[in-house]
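Spelled out, the chains give:
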Amino acid sequence: MGADDVARRLEAVFRDVFDDDKITLSPEMTAADVDGWDSVANIRLMVSIEEDFRIRFDVGEFQEYRNVGELIAAVARRVS
Amino acid sequence: MVEPALLPWLPASPPDYRAHCADIDTMAQRGTALRRLAGHALGTNELQRLARSIIQAVNDGTAAPLQSFALGLVSNSTTDFIVPALIGSAARHGVALRVAAAPFGMTMQAALDPASELLQIRPDAILLALDYRAYFNDYALDDDPMASVSAAIAKLQAMIAAFADVSKAAILVQTIAAPPERLFGSLDRHQPGTAAWLAAAFNQRLSDEVLRPGVNLLDVEALANCVGLAAWFDRSQHMTARLPFANRFIPLYAEHAARLIGAIRGHSRKVLVLDLDNTLWGGVIGDDGIDGIRLGQGDPRGEAFQDLQRAALALKRRGVLLAVSSKNDEALARQAIREHPEMVLREDDFSAMQINWSDKATNLEALAERLSLGVDSFVFMDDNPVERAQVRSALPQVLVLELPSDPAEYAAVLLASGAFEAIGFSDEDRQRSEQYAANARRDSLAAQSRDLAGFLESLRMRGTFVADGAIGWSRFTQLINKSNQFNLTTKRYTESQVADYVAAPDVLTLQVRLTDQFGDNGMICSVIACPRDGAWVLDTWVMSCRVLGRRVEEAVLNEIVRRALAAGIGQLVGLYRPTPRNGLVRDHYRKLGFHQDGHDGDAERWMLDVASYEPAALPIACDTSTAA
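Quick notes on the rules
Residues numbered from 1 in each chain as written. Chains lettered and ligands numbered in written order. Predicted model: local features only at pLDDT ≥ 70, side-chain atom pairs only at ≥ 80, totals over all residues. Helix = DSSP H or I, 4+ residues; strand = E, 2+ residues; numbered from the N terminus. Rg over C-alpha atoms; globule rule 2.2 N^0.38 Å. Buried ≥ 20, exposed ≤ 12 C-beta atoms within 10 Å, placed from the backbone. Contact = placed C-beta atoms within 7 Å. Axes fitted to C-alpha atoms, helices over the stretch in contact; angles between N-to-C directions. Parallel < 35°, antiparallel > 145°, perpendicular 65-115°, else oblique. Left-handed = near helix turned anticlockwise from the far one by under 90°. Nonpolar A, V, L, I, M, F, W, Y, C, P; charged D, E, K, R; others polar. Domains from an automatic or database assignment. Pairing = 2+ DSSP bridges. Arc of directions from axis to C-beta. pLDDT = per-residue confidence, 0-100.

**Here we look at the overall build of chain A**
Reasoning step 1: The secondary structure content of chain A amounts to three helices and zero strands.
Reasoning step 2: Scanning chain A from its N terminus toward the C terminus, one meets helices and strands in the order α-α-α.
Reasoning step 3: Against the 2.2 N^0.38 benchmark of 12 Å for 80 residues, chain A shows a C-alpha radius of gyration of 11 Å, consistent with a compact globule.
Reasoning step 4: A principal-axis box enclosing the C-alpha atoms of chain A has dimensions of 30 × 25 × 20 Å.
Reasoning step 5: A total of 80 residues make up chain A; the buried ones form 24% of that total.
Reasoning step 6: Sequence-distant contacts in chain A: of pairs separated by 6 or more residues, those separated by 24 or more amount to 58%.

Okay, here's the thing in structure tokens:
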């Protein structure tokens with residue numbers, strides 16, 4: 001799975017977690033850009049990504065990514 | 001094995017799930033649609049979305065017919081993820097749940113402060129969601145393990161007592177699962193002070209000492225064991241977000257908690273309706289013949305169907321009624337049930353059968369009529385997805401189990417569904433099947449009897465009235481919460497609320513039992529009368545529909561009047577609060593000689609002057625007593 005496929009599938013996960021079909025991911029996007037992306041939603045996002053891609057982040061890893069671009073890269077590393 | 005965490009007995013959620021939620025948000029009455037959507041196998045995000053719609057509906061006052069229920073949640077872990085799952089899952093069980101959670105780490109203070117949000121919502125139940133970490137240390141090797149377990153049990157008992165002082169709520173307590181890591185190895189089970197030993201000792205004492213009427217069990221250890229301890233405990237998620245167990249088991253946990261709430265509200269189901277071909281046996285009896293169907297030992301596939309029959313028989317023994325709905329030639333199907341040597345279930349095990357070529361929904365309605373029960377008490381099992389879809393669409397009140405293609409899983413799916421979740425097991429439950437069979441014999445006697453009076457005399461009925469009985473109030477409460485049709489006010493009470501009425505010196509609680517020549521009907525009527533200005537207000541009057549048309553209500557009124565005279569009560573005030581289900585008793589008080597006198601809130605008020613009441617002669621002999 002390439003980075004583009006990962007991004008497309010991540011977008012679907014974001015839309016589910018935030019119940020918003022208008023979300024479009026971009027590499028620079030951060031929590032400040034998405035309605036409802038608080039600390040609780042952050043965990044829901046993390047476990048939803050883990051369950052959807054059947055991957056596990058190392059403990060604390062997810063919280064270190066500063067934007068969506070870094071997240072896409074991290075997921076792509078794990079599924080490739 | 002089918003994966004229990006994915007709720008395999010429920011159909012998969014529709015692909016445009018979130019659009020469904022958004023549609024519901026615009027409806028005028030949303031409860032039915034919310035319950036229907038909740039009846040799918042929903043994941044955590046789907047439950048979260050549904051919870052938003054439910055909360056919105058509760059706030060808008062459009063959640064009917066879901067029943068309101070307030071839950072206080074006390075936890076030593078994060079509750080943010082569990083609360084929406086509980087709300088979504090409760091709708092599956094007919095409940096519009098409101099939840100107030102005590103802040104993390106504040107459990108005892110929350111219990112004791114009447115101004116806390118937890119108590120301000122006036123909880124109907126309080127869930128003490130405490131896990132292993134609330135009581136014991138990780139990697140334990142406790143020096144004084146007996147004292148540690150005693151302290152843990154005492155801590156729990158103190159919380160329960162503190163809540164009992166300030167609230168009438170039912171309490172839900174949890175068993176604890178021990179983390180799977182072992183210090184010694186197999187020795188851990190035997191070595192006092194290890195995690196495995198502490199958890200086992202705690203759970204045993206919880207079951208022996210803590211559980212009682214009003215304190216019910218959510219067996220979390222059983223859930224953890226069912227899915228596997230290594231999967232249940234997720235240390236990374238606990239370190240990251242203080243999740244008590246892995247996120248992916250939240251829907252399963254919430255479903256089990258919601259079942260318990262449904263059972264407390266009396267929503268448990270009573271009847272298992274089974275298809276025959278490829279459900280109770282392999283093959284099609286009309287094509288394969290009695291010698292050709294697959295059933296029994298020596299053939300793995302045949303063994304699978306026999307396994308389901310054994311599970312169904314076990315359910316029957318605990319009070320679940322069995323029935324058949326099958327598209328078949330009736331004579332041939334009945335012959336197979338009677339004569340096939342490997343059948344575990346025989347004709348006598350079924351309370352009713354509909355074997356014909358009509359559609360299944362029609363047949364389920366016919367079964368409901370025969371058994372005097374609502375289809376909302378039915379669970380339906382059929383291997384054919386088309387039949388399942390037809391019943392789901394025509395009769396959404398029926399729980400239609402989703403079945404995997406492999407019959408080896410049928411029994412497991414049936415039991416995992418928890419459709420018959422119960423908070424107690426009474427002699428009435430044990431005898432229920434026999435009672436319904438006796439009903440069928442009574443009906444046939446009625447058909448033979450030319451006149452009703454002669455029929456009733458021939459039943460040789462004997463009523464037993466017990467006022468303020470300390471025994472039997474579990475069934476007393478169950479009747480109040482389960483009865484929908486013969487229920488004058490449709491008030492619901494927890495066991496602790498009932499216990500308060502029983503203890504109050506000026507409130508009459510009346511238990512009525514009925515026997516006749518065909519057997520013991522058990523407790524069939526609950527009445528609560530509260531004093532008001534020298535009168536008794538009949539706050540609650542419910543009766544089992546099994547004894548309709550037998551003048552039992554007149555005997556009950558005679559007894560109430562007799563006790564009113566003895567207590568110096570001048571008037572009886574009957575209340576009738578109409579619901580979609582209780583039209584049956586619209587004229588109850590008129591028929592008993594009350595006269596209508598305005599309204600009490602949304603209830604009709606009916607009055608009876610006690611002194612001028614003249615009891616009629618009845619075909620029911622009466623015994624009466626008051627508990628000490």
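Now, onward.
**A word on the overall build of chain B**
Reasoning step 1: Along chain B, the regular secondary structure elements total 25 helices and 18 strands.
Reasoning step 2: For 628 residues, the compact-globule estimate of 2.2 N^0.38 gives 25 Å, and the C-alpha radius of gyration of chain B, at 26 Å, lies within 12% of that figure.
Reasoning step 3: Considering only C-alpha atoms, chain B reaches an extent of 75 × 70 × 55 Å along its principal axes.
Reasoning step 4: Across the 628 residues in chain B, those meeting the buried criterion constitute 45%.
Reasoning step 5: For chain B, long-range pairs separated by at least 24 residues make up 74% of all intrachain contacts whose partners lie at least 6 apart in sequence.

**Considerations on the packing of helix H1 (residues 3-18) of chain A against helix H2 (residues 39-53) of chain A**
Residue and element names in this part refer to chain A.
Reasoning step 1: Put simply, H1 and H2 touch, their axes get as near as 10 Å, and they point 135° apart. Relative to H2, the element H1 lies oblique. Helix-helix and strand crossings are classified by hand; for H1 and H2 the assignment is right-handed. Only Ala41, Arg44, Leu45, Ser48, Ile49 and Asp52 of H2 make contact with H1, whose side of the interface consists of Arg9, Leu10, Val13, Asp16, Val17 and Phe18.
Reasoning step 2: Of the residues in the contact of H1 with H2, the class split is seven nonpolar, one polar and four charged.

**Focus on the packing of helix H3 (residues 44-60) of chain B against helix H4 (residues 82-92) of chain B**
All names here are of chain B.
Reasoning step 1: Axis separation between H3 and H4 bottoms out at 7 Å; the angle between their running directions is 75°. The pairing of H3 with H4 is recorded here as roughly perpendicular in orientation. Contacts between H3 and H4 involve Thr44, Leu47, Gln48, Leu50, Ala51, Ile54 and Ile55 from the former and Pro84, Ala85, Ile87, Gly88, Ser89 and Ala91 from the latter.
Reasoning step 2: Taken together, the residues that form the contact of H3 with H4 break down as nine nonpolar, four polar and no charged.

**Examining the domain arrangement of chain B**
Reasoning step 1: Each assigned domain of chain B is listed here: domain 1 (4-264), domain 2 (271-416) and domain 3 (452-626).
Reasoning step 2: Look at where the C-alpha atoms of domain 2 of chain B and domain 3 of chain B centre, and you get two points 38 Å apart.

**Some thoughts on the sheet that holds strand E11 (residues 461-467) of chain B**
All names here are of chain B.
Reasoning step 1: The sheet built from eight strands is open, its strands ordered E16-E17-E15-E14-E13-E12-E11-E18 with mixed pairing. At either end of the open sheet lies a strand with only one pairing partner, and these are strand E16 (595-600) and strand E18 (620-626). For this sheet the average axis-to-axis angle between neighbouring strands, irrespective of direction, equals 25°.
Reasoning step 2: One ladder, built from four bridges, connects E16 with strand E17 (residues 603-609); its direction is antiparallel. If you follow histidine 599 over to E17, its bridge partner there is glutamate 604.
Reasoning step 3: Against the sheet, helix H22 (residues 473-482) contacts strand E12 (508-516), strand E13 (519-532) and strand E14 (535-543), and its axis sits at roughly 80° relative to E13.

**Digging into the interface of chain B and chain A**
Reasoning step 1: The interface is formed by 11 residues belonging to chain B together with 10 residues belonging to chain A.
Reasoning step 2: Every element with two or more residues in the side of chain B that touches chain A is listed here: H3 and helix H12 (235-241) of chain B.
Reasoning step 3: When residues in the side of chain B that touches chain A are grouped by element, the largest group, five residues, is from H12 of chain B.
Reasoning step 4: Classifying every residue of the side of chain B that touches chain A by side-chain character gives two nonpolar, five polar and four charged.

**A closer look at the sheet that holds strand E4 (residues 170-174) of chain B**
All names here are of chain B.
Reasoning step 1: Judged by pairing direction, the sheet is parallel, and its five strands sit side by side in the order E2-E1-E3-E4-E5 without closing on themselves. Strands at the two margins of the open sheet, each flanked by one partner only, are strand E2 (95-101) and strand E5 (215-218). Averaged over neighbouring strand pairs, the angle between their axes works out to 25° when direction is ignored.

**As for helix H18 (residues 385-394) of chain B**
Residue and element names in this part refer to chain B.
Reasoning step 1: Buried residues of H18: Glu387, Arg388 and Val391, and no others. Looking straight down H18, one finds that the buried residues subtend no more than 100° of arc, so they occupy a single side. Relative to its buried face, H18 has exposed residues pointing more than 90 degrees away, namely Pro385, Val386, Ala389 and Ser393.
Reasoning step 2: As for H18, its buried residues are in contact with helix H17 (360-371), strand E9 (378-381) and strand E10 (399-400).

**Regarding H4 of chain B**
Residue and element names in this part refer to chain B.
Reasoning step 1: When you tally the buried positions in H4, you get 11 out of 11 residues, the bulk of the element.
Reasoning step 2: When we look at burial in H4, the residues that qualify are Ile82, Val83, Pro84, Ala85, Leu86, Ile87, Gly88, Ser89, Ala90, Ala91 and Arg92.
Reasoning step 3: In the stretch just after H4, glycine 94 is the one whose phi turns positive, near 80°.

**Observations concerning the environment of leucine 414 of chain B**
All names here are of chain B.
Reasoning step 1: Along the chain, leucine 414 falls in helix H19 (residues 410-416).
Reasoning step 2: Leucine 414 gets classed as buried once you count the C-beta atoms within 10 Å, which come to 22.
Reasoning step 3: Taking the C-alpha atoms as reference, leucine 414 lies 20 Å from alanine 91; in sequence the two are 323 residues apart.
Reasoning step 4: Residues in contact with leucine 414, not counting those within four places in the same chain, are Ala311, Met381 and Leu401.

**Here we look at the pairing of E11 of chain B**
Reasoning step 1: In terms of strand pairing, E11 of chain B meets E18 of chain B through seven bridges, oriented parallel. Following the sheet pairing, arginine 462 of chain B is matched in E18 of chain B by alanine 621 of chain B.

**Some remarks on unusual backbone geometry**
All names here are of chain B.
Reasoning step 1: Note the cis peptide between alanine 64 and proline 65, where omega equals 5°.
Reasoning step 2: You can see proline 65 is positioned in the loop between H3 and strand E1 (67-75).
Reasoning step 3: A positive phi angle, close to 50°, is found at leucine 7, a residue other than glycine.
Reasoning step 4: Mapped onto the elements of the fold, leucine 7 is located in the segment before helix H1 (17-24).
Reasoning step 5: Despite not being glycine, threonine 490 has its phi angle at roughly 50°, a positive value.
Reasoning step 6: Within the secondary structure, threonine 490 sits in the loop between H22 and helix H23 (495-503).

**Side note on the confidence of the model for chain B**
Reasoning step 1: For chain B, mean pLDDT is 91; residues scoring 70 or higher make up 96% of the total.
Reasoning step 2: Interface confidence for the predicted complex, given as ipTM, is 0.95, next to a pTM of 0.78.

**Here's the deal with the environment of aspartate 124 of chain B**
Residue and element names in this part refer to chain B.
Reasoning step 1: With respect to the helices, strands and loops of the structure, aspartate 124 is situated in the loop between helix H6 (117-120) and strand E3 (125-129).
Reasoning step 2: Owing to 25 C-beta atoms within 10 Å, aspartate 124 belongs among the buried residues under this scheme.
Reasoning step 3: Filtering out sequence-adjacent residues up to four positions away, aspartate 124 remains in contact with Phe69, Ala70, Ala169, Ala170 and Thr494.

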